[in-house]
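Observations on the three-dimensional arrangement
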Amino acid sequence: MNIKKDIKNLLVEKPLKLDCGKTISNFPLAYETYGSLNQKKDNAILIFHALTGDQFVTGINPITNKDGWWSYAVGPGKAIDTDKFFIICANVIGGCMGSFGPSDLDQETQKIYGINFPVITINDMVNAQINLIDYFGIEKLFSVIGGSMGGMQVLQFVSNFPNRAKTAIPIACTSSHSAQNIALNELGRQAIASDSNWCDGDYIAKNSNPNKGLAVARMAAHITYLSKKGLQEKFGRKLQERDDLKFGFDADFQIESYLRYQGSVFVDRFDANSYLYITRAMDYFDLSRKFEGNLSKAFKDTKTKFFIISFTSDWLYPTQENKEIVIALNAIGADVGFVEIESDKGHDSFLLDVPEFLKALKNFLEKSY
Amino acid sequence: MKHEFRIIADLIEANSRVIDVGCGDGVLMDFLKQNKNIDVRGLEISKDKVQKCISKGLTVIEGNAESDLKQFPNHSFDYAVLSQTLQAFLNPEIVINELLRVGKKAIVTIPNFGYWKVRLHLLIKGTMPVTETLPDQWYNTANLHMCTIKDFFNFATEKNFKIKSSLALSKEEVSEIKNSNLSFKNFFADLGIFIIEK
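Residues numbered from 1 in each chain as written. Chains lettered and ligands numbered in written order. Predicted model: local features only at pLDDT ≥ 70, side-chain atom pairs only at ≥ 80, totals over all residues.

Residues and elements named next belong to chain B. Secondary-structure assignment places Phe31 in helix H2 (residues 27–36). Between the C-alpha atom of Phe31 and that of Ala9, which follows or precedes it by 22 residues, the distance is 7.8 Å. With residues up to four places along the chain from it excluded, the contact list for Phe31 reads Met1, Phe5 and Ala9. (Helix = DSSP H or I, 4+ residues; strand = E, 2+ residues; numbered from the N terminus. Contact = placed C-beta atoms within 7 Å.)

Below, the structure written as structure tokens:
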């Protein structure tokens, strides 16, 4: 993994009791900010990243030298306008972009944590990040926004801290991971674990790297982020730099080549153990569990204004699952808006240039501010 | 804003809670929010219109009255408004029941099929009426269950809901509909506006 230069870090001294029972303290929380916080401190937006995202939301990511993961949506004059708003994004704990994670050194044993890192949850992630909001002295965020796992953090944040966000935008997400979601994550984890270079999670100490397993995990996951129609239109049965089938197992088809490429670039920027931990956190996510299965109770007395967005071709977190959140909020008379955006780009729609989505996001934020 | 919306807005007390079912691009909602401090929600099936509501800062849920009203608790609104869409539902009776469940009262407006121009169109031309209030052809209209003001009155009696107030709108003129002038209003009004209650 990369060297942690160019990464802003908050050392969280305050102990944080994790859902697994362990308590952590004095841990690093890596973050990035964009725009500037105004005098009244009422223009701050906390963005939560998804499974493989990081704190580098927009501009050039200094570690990968590529565009930030949400460059379409965040920036000067964009839907989430950095000329107006102060954007904060933290790398989740368990991650691999500078926040406390499995590739850190355990001070007690002087060994890299690996799979001895405590299992973390979405709840733990947001409880860690509230420290960052306190650090900036922000009483109430203007908005909390996130897609996919970022959306789960939005829901958890509003549930845990009902008075700390004026508006909330959970996008393409769910309040509880389905059996299919868990199954797909398990496929990825098993791909990593079956790579002998994973070394039971101890690959850093053994100077090894389960790149193949992690790449397969990414390839499988990547398919779930796209729609059948989107794939068909982009790739169809087009062949990769060849005129005819080669009757072998090279990447004959463009889709194969594309997936292999996605796998290969992913391993350069992501840690295999972090992938295990973060997917586990998603699988454990079930917001209504603490409330006798009643999701509405997770938002009791909320004053937050919600705007929920789903996409027609998202089969990973389909509209119906997003609507269940809308229904739970309406049941308690919360202020909730909902729109399903037409898009062939699957779950990934929220990361891409989908004008209707960006328009809705921009209008909601500007009219709510 | 069209006259119909002004009348509806006048019927609703300030500071109440309202759901506008089939809120369109949010003209009525916006007026209620800006001028009467009403906590108003919209339900709208068209994505384009939902976007227009969002651009006005209105709280709108994309959805269908026939399937999506059920998520709202009983009497969670003072008024449920349904403007000129009752006739477009597969089952208007279910929708009326839902409106009266989520709202303490419902305000329903209907394009009157008993309006003299409509009758005359059918009588003279022998083709399905096309008027200002009913601008579509029979083959592309969304209207499945056209009714007259009188039909709506009979419907209320038969289904045991109370008509608290009923107004006839013809051109820019508003008048009260009573049992005594029902046939007359049924002939001269092109729109009926009703406040109903269970």
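Turning to the interface of chain B and chain A, a few remarks are in order. Listed by partner, the interface residues are 15 residues for chain B and 18 residues for chain A. Elements with a contribution of two residues or more to the side of chain B that touches chain A: helix H3 (47–55) and strand S3 (59–62) of chain B. Top element by residues in the side of chain B that touches chain A is H3(B). It accounts for five residues.

A separate point is the packing of helix H3 (residues 179–193) of chain A against helix H4 (residues 211–225) of chain A. Residues and elements named next belong to chain A. Orientation of H3 relative to H4, taken along the N-to-C sense of each, is 160°, at an axis distance of 7 Å. In this view, H3 runs roughly antiparallel relative to H4, as classed from their interaxial angle. For the crossing formed where H3 meets H4, the hand is right-handed. Along the contact surface, H3 presents Leu184, Leu187, Gly188, Ala191 and Ile192, while H4 presents Gly213, Leu214, Val216, Ala217, Ala220, Ala221 and Thr224. (Axes fitted to C-alpha atoms, helices over the stretch in contact; angles between N-to-C directions. Parallel < 35°, antiparallel > 145°, perpendicular 65-115°, else oblique. Left-handed = near helix turned anticlockwise from the far one by under 90°.)

Residues and elements named next belong to chain B. Its location among the elements puts Asn35 in helix H2. Of the residues examined, Asn35 has 10 C-beta atoms within 10 Å and is grouped as exposed. When the C-alpha atoms of Asn35 and Gln137 are compared, they prove to be 37 Å apart, with 102 residues separating the residues in sequence. (Buried ≥ 20, exposed ≤ 12 C-beta atoms within 10 Å, placed from the backbone.)

Our focus in this paragraph is H3(A). Residue and element names in this part refer to chain A. Here H3 spans 20 Å end to end across 15 residues, near enough to the 21 Å set by a 1.5 Å rise per residue. When we look at burial in H3, the residues that qualify are Asn185, Gly188, Ala191 and Ile192. When H3 is viewed along its axis, its buried side chains cluster within an angular range of 115° and face the same direction. In H3, the exposed positions that point more than 90 degrees away from the buried face belong to Ala179, Gln180 and Ala183. As for H3, its buried residues are in contact with H4 and helix H7 (272–284). (Expected span 1.5 Å × (residues − 1). Arc of directions from axis to C-beta.)

Moving on, we get to the domain arrangement of chain A. All names here are of chain A. Split by domain assignment, chain A resolves into domain 1 (8–177 + 287–368) and domain 2 (182–278). In this structure, domain 1 and domain 2 have C-alpha centres spaced 26 Å apart. Between domain 1 and domain 2, the contact holds 26 residues from the first and 20 residues from the second. When the residues that make up the side of domain 1 that touches domain 2 are grouped by side-chain class, the tally is 11 nonpolar, 11 polar and four charged. (Domains from an automatic or database assignment. Nonpolar A, V, L, I, M, F, W, Y, C, P; charged D, E, K, R; others polar.)

With that settled, the discussion passes to the environment of Asn211(A). Tracing the chain through its elements places Asn211(A) in helix H4. Taking the number of C-beta atoms within 10 Å as the measure of exposure, Asn211(A) has 19 and is therefore partly exposed.

Averaged over every residue, the pLDDT of chain B is 95; residues scoring 70 or more account for 100%. Scoring the predicted complex yields pTM 0.95 and, for the interface, ipTM 0.92. (pLDDT = per-residue confidence, 0-100.)

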